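Chain by chain, the residues:
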Amino acid sequence: MHKASNASSDSSSEEAARAQLTTRPVTTRGSQSTMLDGVRGLAAISVIFSHVFLLYYSEVHYGLADSVPSALAMSIFNSPFTFFYRGGAAVLLFFLLSGYVLCSACIKKAPLNNNYVPMAASKRYLRLGLPVATAVLIGYLGIVFNAFPSAPAGINNFLDFPDQQLGFAQMLRSALFGSMLFGDGNFDYVLWTISVEFYGSLLVFAVFALTRKNRMFSIVFCTALACFLLFLPKAYSLYSLFFFGAALAYIDFTTVRRLSTQQLALLAVPLLLTGCYLVGFYETSASYRWLEPLTVLYQTLAPRADPSVIYPALGALCILVSILAGAGRHSASEPGSGAKLLAWVGKLSFSVYLLHPFVLATAGKYIFLEMGKNMYSLLACLLVVFSGTYFFSYFFYKHVDRPSTKIADQFGKRLFMARHTG
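Just so it is clear, the model here is predicted, and its values are computed rather than measured.

Conventions we followed
- One numbering rule holds for all chains: residues counted from 1, following each sequence as written.
- Whole-chain, interface and lining totals are the exception, using all residues; otherwise, since this is a predicted model, local features are given only for residues with pLDDT of at least 70 and side-chain atom pairs are given and counted only at 80 or more.
- Note that the side-chain values use all heavy atoms of the structure and ignore hydrogens as well as water.
- In DSSP terms, a helix is any run of H or I states spanning at least four residues, a strand is any run of E spanning at least two, and both are numbered starting from the N terminus.
- Each residue is assigned to one of three classes by its accessible area relative to the maximum for its type, calculated with a 1.4 Å probe on protein chains only: buried under 20%, partly exposed between the two thresholds, exposed over 50%.
- Here, two residues are considered to be in contact whenever any of their heavy atoms come within 4.5 Å of each other.
- Residue exposure ignores everything except the shown protein chains as possible cover, and the areas themselves are Shrake-Rupley values with a 1.4 Å probe.
- Axes here refer to lines fitted to C-alpha atoms; in helices the fit is confined to the stretch in contact. Angles between the N-to-C directions go from 0 to 180 degrees.
- Roughly parallel means an angle under 35 degrees; roughly antiparallel means over 145; roughly perpendicular covers 65 to 115; every other angle is labelled oblique.
- In this scheme the crossing of two helices becomes right-handed for a clockwise turn of the near helix relative to the far one and left-handed for an anticlockwise turn of less than a right angle.
- Polar here means any residue other than Ala, Val, Leu, Ile, Met, Phe, Trp, Tyr, Cys and Pro, which are nonpolar, and Asp, Glu, Lys and Arg, which are charged; Gly is therefore polar.
- Geometry of aromatic contacts follows a simple scheme: Phe, Tyr and Trp rings, the Trp one being its six-membered ring, pair when their centres are within 6.5 Å, and the pair is stacked under 30 degrees between planes, edge-to-face over 60, tilted otherwise.
- Lining residues are those with an atom within 4 Å of a point, where the points come from a 1 Å grid over the protein atoms alone and group into cavities, where a 1.4 Å probe fits but cannot get out, or pockets, open sets with protein on both sides within 12 Å along at least five of seven lines.
- Grid points are joined across faces, edges and corners, and a volume is the space filled by probe spheres set on the points.

Chemist: Describe in detail the overall build of the protein chain, supporting the description with residues and values.
Modeler: A count of helical and extended segments in the protein chain gives 19 helices and zero strands. When burial is assessed residue by residue, the protein chain has 49% of its 422 residues classed as buried. The contacts in the protein chain between residues at least 6 apart in sequence include a share of 78% that link residues at least 24 apart. When the accessible area of the protein chain is evaluated, it comes to approximately 20,400 Å², of which 66% is carbon and sulfur surface.

Chemist: Give a description of the packing of helix 5 (residues 87–109) against helix 16 (residues 307–326) that names residues and reports values.
Modeler: Put simply, helix 5 and helix 16 touch, their axes get as near as 9 Å, and they point 50° apart. Considered as vectors, helix 5 and helix 16 are oriented oblique to each other. Seen from above, helix 5 lies across helix 16 with right-handed handedness. Of the residues in helix 16, those in contact with Ala89, Leu92, Leu93, Leu96, Leu97 and Tyr100 of helix 5 are Val309, Pro312, Ala313, Ala316, Leu317, Leu320 and Leu324. Partitioned by chemical class, the residues of the contact of helix 5 with helix 16 number 13 nonpolar, no polar and no charged.

Chemist: If you had to explain the packing of aromatic side chains to someone new, which residues and values would you point to?
Modeler: On inspection of all chains with the given rule, the structure shows 31 aromatic pairs. Each ring, one from Phe77 and one from Tyr282, has its centre 5.5 Å from the other, and the planes form 65°; the classification is edge-to-face. Within this pair, whereas Phe77 is found in helix 4 (residues 71–77), its partner Tyr282 is found in the loop between helix 14 (261–279) and helix 15 (292–301), the two being separated by 205 residues in sequence. Among the residues examined, Phe77 registers a relative accessible area of 2% and is labelled buried. With relative accessibility at 27%, the residue Tyr282 sits in the partly exposed group. Here the aromatic rings of Phe391 and Phe392 are separated by 5.2 Å at their centres, their planes lie at 80°, and the arrangement is edge-to-face. A residue is classified by how much of its surface remains accessible, and Phe392, at 48% relative accessible area, is partly exposed. An aromatic cluster is built from Phe49, Phe53, Phe83, Phe84, Tyr85 and Phe386, whose rings are joined through pairwise contacts.

Chemist: Go over the layout of surface pockets, please, and point to the residues and values.
Modeler: Roughly 1,500 Å³ of internal volume is contained in the largest pocket. The set of elements that each furnish at least two residues to the lining of the largest pocket consists of helix 2 (30–56), helix 5, helix 6 (116–122), helix 7 (124–144), helix 9 (192–211), helix 17 (337–347), helix 18 (349–371) and helix 19 (375–421). Considering each element in turn, the lining of the largest pocket owes the most residues, eleven residues, to helix 5. Residues that form the lining of the largest pocket fall into these classes: 18 nonpolar, nine polar and 14 charged.

Just distances and angles here, no functional claims.
Here you go:
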């Protein structure tokens, strides 16, 4: 009798939770999922462009060159069309997408399973940590087998990755906890972001667990917290993206999608263009100098606010909102070739992100050293780095990334099964 009353109570509480939390349609599948995967994949491509350009023409990033600047590179730097190689902004988009996807999964699954949130949090370390540890091992093996050619003096310091003096003990530390907990990027310089991704994920789970019973409060709380963090120093402002993403997960875009095609285009296209413009922000670029009075204004109130995070973060937010407003409007029983390509690029994005530094530090470095710093060398490097990265990423995804998801899922399930049986 006691068990029956408990079951009835659980059932009613689950129904109440569904009524509160599922006021928007669950659209994590279909065209929206494909678009989000595609955005993640395009962001990974942007990171590759960023690092290859940094190797050859650093002035496209900073407006400054190691030697004589390229006129073409300076023209690109001062243009409003730099979004396609802004790797730092792409990382912010990764964080924003993580906040949205993780919170969306909680909204959908937590009302059906009371253990979902702690289970998802418990398996996050393995989900990220196993591919990260493998990437660290690859970096170490590259050092052991002298796969990374040394750069001559006077060449961009970016070519000096990785430090050839790194040893086994350092590799073990980085693989087990250094990268995940402290952002150790000695063996793979993109791993500075992994600790932010890990802690940001846990924060999303924690905030959802605390605020899940009230949808409007969740939106307001996540938005307010994100805005507060955004104007702190970079070490903290990066976490604002996770909360912006979580807030978006609660918002119902169904009404927007019911607009006519023309009305939706008038809303989504300007947002997308504004987002692309803002993610290319750099203070000294001629295309962004008009923002200086606004920057001075908010820095009087928040002196340690970082414009290199604020504007690209707002740009990433505009891009995601434009996609959420338009995606899912039309459904198709069979996805087209474009949708399949977007899904494939997104599926490999984490593997691409982890592996491209090694392809650039080996094949890319050889091309740079043999052909010199010129346009033909740059094009050859881009071709080799992209093709090599995606070739190896396919196998990395198949044998490391995808299995790590399954291992993490099994770990989470067994952990909570053991807790209940215990």
